[in-house]
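# Close look at the chain arrangement
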Amino acid sequence: MTGSPGFVDVCALPDIPVGAGVCALVDGVQVALFRPTASEVFALANRDPIGGAEVLSRGIVGDRGGRAMVASPLLKHAFCLRTGRCLDDDNVAVPTATVRIDGDRVLVERPQWAGANA
Amino acid sequence: MVGHQFLAALAERSPADRWTVTVFAEEPRLAYDRVHLSSLFAGKTPADLAMGQIEEYRAAGYDVRVGERVVQVDREARVVVTAGGESVPWDRLVLATGSSPFVPNVPGKDLEGVLVYRTIEDLEAIRARASEAQVGVVIGGGLLGLEAAGALRNLGLETHVVELAQRLMCLQVDDAGGRVLSRRIQELGIGVHTGKQTRELLADGPRVGGLAFADGGVLPCDMVVFSAGIRPRDELARAAGLEIGPRGGVVIDDHGRTSDPDVFAIGECASHRGRVYGLVAPGYRMAEAALLALEGAPGAGFAGADGSTKLKLLGVDVASFGDAFADEGGVRTVSLTSDTRGVYRKLVVSADGARLVGGVLVGDASDYDTLLSLARSRAALSGDPEALLGRAAGTGAAAHGPAALPDEAIICSCHNVTKGAIVAATRDGAETVSAIKKCTKAGTGCGSCVTQMGEIMLVELRARGAAPVNHLCEHFPHSRQELFHLVRVRGHKSFDALIAEHGRGAGCEICKPAVASILASVWNEYVLEKAHLPLQDTNDRFLANMQRDGTYSVVPRVAGGEITPRQLIALGEVAERYHLYTKITGGQRVDLFGARRDELPAIWRDLIAAGFESGHAYGKALRTVKSCVGSTWCRYGVQDSVGLAIRLENRYKGLRAPHKIKGGVSGCARECAEAQGKDFGLIATDRGYNLYVCGNGGMRPAHAKLLAQDLTEDQAIQYLDRFLMFYVRTAGRLERTATWLDKLDGGMDYLRRVVVDDSLGIAAELEADMARIVETYRCEWRVTLEDPARLAGFRSFVNSDTPDPSVTRVTVRGQLLPEPRPARNAEAQ
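A brief structural summary. Predicted, not measured: the structure shown is a model, and the values here were computed from it.

Our next topic: empty space enclosed by the protein. All names here are of chain B. Counted according to the given criterion, the structure contains eight cavities of 30 Å³ or more. What lines the largest cavity is a set of 14 residues, among which N524, E525, T776, R778 and E780 lie closest to the centre. Here the residues of the lining of the largest cavity are counted per class, giving six nonpolar, four polar and four charged.

The next subject is the interface of chain A and chain B. Of the residues lining the interface, 38 residues belong to chain A; the matching set on chain B comes to 41 residues. With both chains or domains summed, chain A and chain B bury close to 2900 Å², and 53% of this area falls on carbon and sulfur atoms. Among the residues of chain A in contact with chain B, L25(A), R58(A) and I60(A) are the three that bury the most area, contributing 25% of the side total. On the surface where chain A and chain B come into contact, there are four salt bridges. Across the contact surface, chain A and chain B share 14 residue pairs in polar contact (both at pLDDT 80 or more). Every element with two or more residues in the side of chain A that touches chain B is listed here: β1 (7–12), β2 (20–26), β6 (53–54), β7 (60–64) and β8 (67–71) of chain A. Split into classes, the residues belonging to the side of chain A that touches chain B amount to 19 nonpolar, ten polar and nine charged.

Another aspect to go through is the packing of helix α14 (residues 480–490) of chain B against helix α21 (residues 713–730) of chain B. Residues and elements named next belong to chain B. Orientation of α14 relative to α21, taken along the N-to-C sense of each, is 105 degrees, at an axis distance of 7 Å. As far as their axial angle goes, α21 and α14 are roughly perpendicular. Contacts between α14 and α21 pair R480, Q481, F484 and R488 from the former with V728, R729 and T730 from the latter. Looking at the contact of α14 with α21, its residues break down into two nonpolar, two polar and three charged.

So, on to the side chain of N690(B). All names here are of chain B. Residue placement: N690 occurs in strand β34 (residues 688–693). Among the polar contacts listed, one links the side chain of N690 to the backbone nitrogen of D710, at a separation of 2.9 Å. Residues in contact with N690, not counting those within four places in the same chain, are G681, L682, I683, T685, L706, A708, Q709 and D710.

Strands belonging to one sheet form pairs held by backbone hydrogen bonds; the direction of such a pair is parallel or antiparallel. Residues and elements named next belong to chain A. An order of β1-β12-β11 is seen for the three strands of this open sheet, with the pairing classed as antiparallel. Looking at strand neighbours, the two that pair on one side only are β1 and β11 (99–102), the edges of this open sheet. Adjacent strand axes in the sheet meet at a mean angle of 30 degrees, parallel and antiparallel pairs treated alike. In this sheet, strand β12 (residues 105–109) lies alongside β11 in antiparallel orientation, the contact comprising four bridges. Residue V99 lies in a different strand from β12, and its bridge partner there is V108.

All names here are of chain A. One ladder, built from five bridges, connects β1 with β12; its direction is antiparallel. What sits directly across from F7, in β12, is E109. Hairpin connection between β11 and β12: a loop of two residues separates the two successive antiparallel strands, and G103 in this loop has a positive phi of roughly 65 degrees.

A few words now on the environment of D323(B). Residue and element names in this part refer to chain B. Along the chain, D323 falls in the loop between β21 (316–322) and β22 (332–338). Given a relative accessible area of 10%, D323 falls into the buried group. Along the sequence, D323 and A375 sit 52 residues apart, while their C-alpha atoms lie 9.3 Å from each other. Dropping the residues within four chain positions of it, D323 is found in contact with E328, V331, V348, V357 and G358.

Attention shifts here to helix α19 (residues 600–609) of chain B. Residue and element names in this part refer to chain B. Turning to α19, its buried residues are L600, P601, I603, W604, L607 and I608. Buried positions in α19, seen along its axis, are confined to an arc of 155 degrees and lie on one side of it. If you follow the buried residues of α19, they end up packed against α17 (538–542), β28 (552–554), α18 (565–577), β30 (590–595), α25 (780–786) and α26 (788–791). Positive backbone phi, at 95 degrees, marks G611, one or two positions downstream of α19.

Its place among the elements puts R589(B) in the loop between β29 (581–584) and β30. Within the buried core, R589(B) has no salt-bridge partner, and the shortest N-O distance to an opposite charge, that of E649(B), equals 4.4 Å.

Residue and element names in this part refer to chain B. If you walk across this open sheet you meet the five strands as β31-β32-β33-β34-β35, and the pairing is mixed. Of all the strands in the sheet, the pair left with one neighbour each is β31 (622–627) and β35 (705–711). The average undirected angle you get between the axes of adjacent strands in this sheet is 15 degrees. The sheet contact formed by strand β33 (residues 680–685) and β34 spans six bridges and is antiparallel. Each residue of the ladder has a partner; that of A684, found in β34, is Y689. Across the sheet, helix α20 (residues 641–652) touches β31, β32 (661–666), β33 and β34, and the angle it forms with β31 is around 175 degrees. Of the strands in this sheet, β34 and β35 touch helix α23 (residues 747–755), which is tilted by about 40 degrees from β35.

Residues and elements named next belong to chain B. Taken as a whole, this structure holds 59 salt bridges over all chains when the rule is applied. Of the charged contacts, one joins R167 and D175 as a salt bridge, the two residues approaching to 2.9 Å between their closest N and O atoms. Overall, the relative accessible area of 17% leaves R167 in the buried class. Two residues, R488 and D769, come together in a salt bridge whose shortest N-O distance is 3.6 Å. Placement of the pair is R488 in helix α14 and D769 in helix α24 (residues 763–775), with a sequence separation of 281 residues. For R488, a relative accessible area of 26% gives the class partly exposed. Among the charged side chains, a network of salt bridges with common partners joins R75, R78, R92, D260 and D262.

What follows is about the packing of aromatic side chains. All names here are of chain B. All chains considered together, the criterion is met by twelve aromatic pairs over all chains. Between Y581 and F593, the ring centres sit 5.7 Å apart and the planes meet at 75 degrees, which makes this aromatic pair edge-to-face. Here Y581, found in strand β29, pairs with F593, found in strand β30; they are twelve residues apart in sequence, far enough to count as distant. With centroids separated by 6.1 Å and ring planes inclined at 70 degrees, the aromatic side chains of Y652 and F680 adopt a geometry described as edge-to-face. Note that Y652 is positioned in helix α20 and F680 in strand β33, a separation of 28 residues in sequence. Using a relative accessible area of 1% as the deciding quantity, one classes Y652 as buried. A residue is classified by how much of its surface remains accessible, and F680, at 0% relative accessible area, is buried. Each member of the aromatic cluster is reached from another via a ring pair, and the members are F542, Y552, W604, W781 and F794. Over the ring of Y636 we find R670, and its NZ or CZ is 3.7 Å from the ring centre.

About the cut-offs
- Residues numbered from 1 in each chain as written.
- Chains lettered and ligands numbered in written order.
- Predicted model: local features only at pLDDT ≥ 70, side-chain atom pairs only at ≥ 80, totals over all residues.
- Heavy atoms only, no water.
- 1 Å grid on protein atoms, 1.4 Å probe; cavity = no way out; pocket = protein on both sides within 12 Å on 5 of 7 lines; lining within 4 Å.
- Points joined across faces, edges and corners; volume = space filled by probe spheres on them.
- Nonpolar A, V, L, I, M, F, W, Y, C, P; charged D, E, K, R; others polar.
- Contact = heavy atoms within 4.5 Å.
- Buried area = accessible area lost by both parts, 1.4 Å probe.
- Salt bridge = Lys/Arg side-chain N within 4 Å of Asp/Glu carboxyl O.
- Polar contact = N/O pair within 3.5 Å; in protein donor to acceptor, adjacent residues only side chain to side chain.
- Helix = DSSP H or I, 4+ residues; strand = E, 2+ residues; numbered from the N terminus.
- Axes fitted to C-alpha atoms, helices over the stretch in contact; angles between N-to-C directions.
- Parallel < 35°, antiparallel > 145°, perpendicular 65-115°, else oblique.
- Pairing = 2+ DSSP bridges.
- Buried < 20%, exposed > 50% of the residue type's maximum accessible area, 1.4 Å probe, protein only.
- Arc of directions from axis to C-beta.
- Lys, Arg positive; Asp, Glu negative; His and termini not counted.
- Phe/Tyr/Trp six-rings, centres within 6.5 Å; stacked < 30°, edge-to-face > 60°.
- Lys NZ or Arg CZ within 6 Å of the ring centre and 35° of its normal.

The following block contains the structure:
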């Protein structure tokens, strides 16, 4: 299932509901995938660094001032889908990974961060 | 505790190779939380009280010697000598030896059954003794004495407190406060004997058999606990020739340094400017000052603490702050004593009445933080000091409204943000809740203050005449009420249609769930329909309540709190099968914690097979209708409260609303179902039911108000249909019924006209709307399980069936819990 080097095929595009997120397990690391619009997918570490749990994929996806974001379900901190920056606290950010859409397949770059309990 | 605080801060802030640290602990365990020692008699274990774990100390590189006592400090040789004869060298020495209980030298103090209250071992001795005792006496009516009395009472003993002074808690409260406190404690069944000097402990064979007082009185008992104050453990320092304070304790300067600059002392063993502190908060500040000095970067140091404190003893609030006893010359006092509520409040103000300088609060200290900050800020009072006395009495809506709060009031307790800071941020251009969060950090801790924060912002914006201020969020230039009408009148059935016509952008965590709730209230479609799923908060999306570790809790409906033995067994079986933690909720049902999302469908398949249905604990929806047992069993009951509660819960279950809704039905005026603390409550009378509305417990408790009297069940349901639907239509986002009523022009009179007299002519419409909701109710879990395609959404991973590996468990008190949070610095009390 592996696509180009460094990328892993994780799911079909319709597996991710538009306007929401899902979680993939890549090399034992949890990667949150978000689909703010039908044609875009973003990947962030699933771990909310403030709440300390693997939950970001279950947050509400939307925008703040036009910037696509996900609000953590724990304490509602918002994270920018493009940069991983926390929009409520400049000192906090989550790692991101590059996503490629190949036909109806979603490929995600192997995460460069360590998983919590991998 | 102070020693642990010091070590934890040292590990966090000092490079690992800077110091070689050896820790000696005399007790057979590491530091533990003595403030909550009495909780050992309320089901906690010593492990629950532990503050540091041996692994953490070892990870920090500390050489930890538990159960090893130091018997000598040799300052010449720069070593400490242990009881085992070992010499351990030091360059810097920190004494955090604490204190020991003071036992006055009265005859009979060495009898069997005479104990002290200080360590876990002391409490184990008390527990052992109590198992064969009937009457226990605590000598000493201070903070620890009352804690000890509570412990004896929890152990089932007839309990008495004996105090030499004329009042209890004489360091914290004045005579009048002491009287109210005594009465509250007597109401708990504890005997209070003040102004009593114990002359002798009487013997009954080898054991204690009673107290003889100097005034000739005798109090029979078979166990005694001394809690007559503490003495600093300064014996090592004394023997080493360090300077000792006038009332004992190792003399330290503002940086925790003793008379030997290489030796520090912190906490209860230290004497700072002639004072020994028996509270943990000043000890923590000494630890901080000593750490900075040790690291060669001394800060401002510890300049003393004023003893301001807030405690909850035997369930009674006791607080004092600032110049509580009006010791400064020229000050004046105002006070209030309410024997009916068991409350005493005294405030000390400056001679001109313009500033608050101190106070004593007994029975209700809910506004302690606000008053303390008012006193510390030395700000001018905005009105008569008398006005502050009544605040906790909850007189009217204005007393609770954000406009009535002083600028110094702490709104966000997690980050210590005042109302003034929020107002200032709003003035500086932060005109949304998220902007205020970002610049003040308020609301980013536990989040419980976010609503209040928003109200403060709105009041400020309105005061400036800034419009528009009631927009739901940046995506909709409308209030929730306006959006509700747009959905109804224009017939919008999806978020996308609504935002396309009336909003902009992609939505956010505020408007998406709010619109999902409106759509559910109006159309009652299944919440996980493809179009609605991305709108739902995680709780609604997974039909369960997310907990801090990302797992969920499951609460099946137990209407009215009535449950069959078979159903109880089934709940237990499901909990065991899926390794869930179980706890009884305040709403008379059972919460099952720790389910991974991929387990939820199987858990619910089993629960539905056992006859359960969704409890909607996850939704802003009707939760429970609590009941007392009523006339079916109770000698006092006058109506069948259980039957009505079940009927109401089944009628309104699944109703989505701006906030959660709770109900209660009491079978007589004794009100055991606490119906007046609910959004709607019915209290039985000889002639039917009285209907109360708009109460709630929680962060800002509100008493429900009487809407109508002596109703039949059918009448009550008719009024409730109207009331609930009117609330659902017109309330703001996350606005509970009490807040909604506060803002309703005309208040309760207006609401009564709408609901009872139908002054708006909408009663029939409201009833019809409710009837449709009732008819279209479906158990959301049943619907979910019917469609296998929906179950895919519950997998932990889109590309794997591996269970979420981040979920780990520890066993505590025989149940599985998440791993404890990383250590946080505990605050005093």
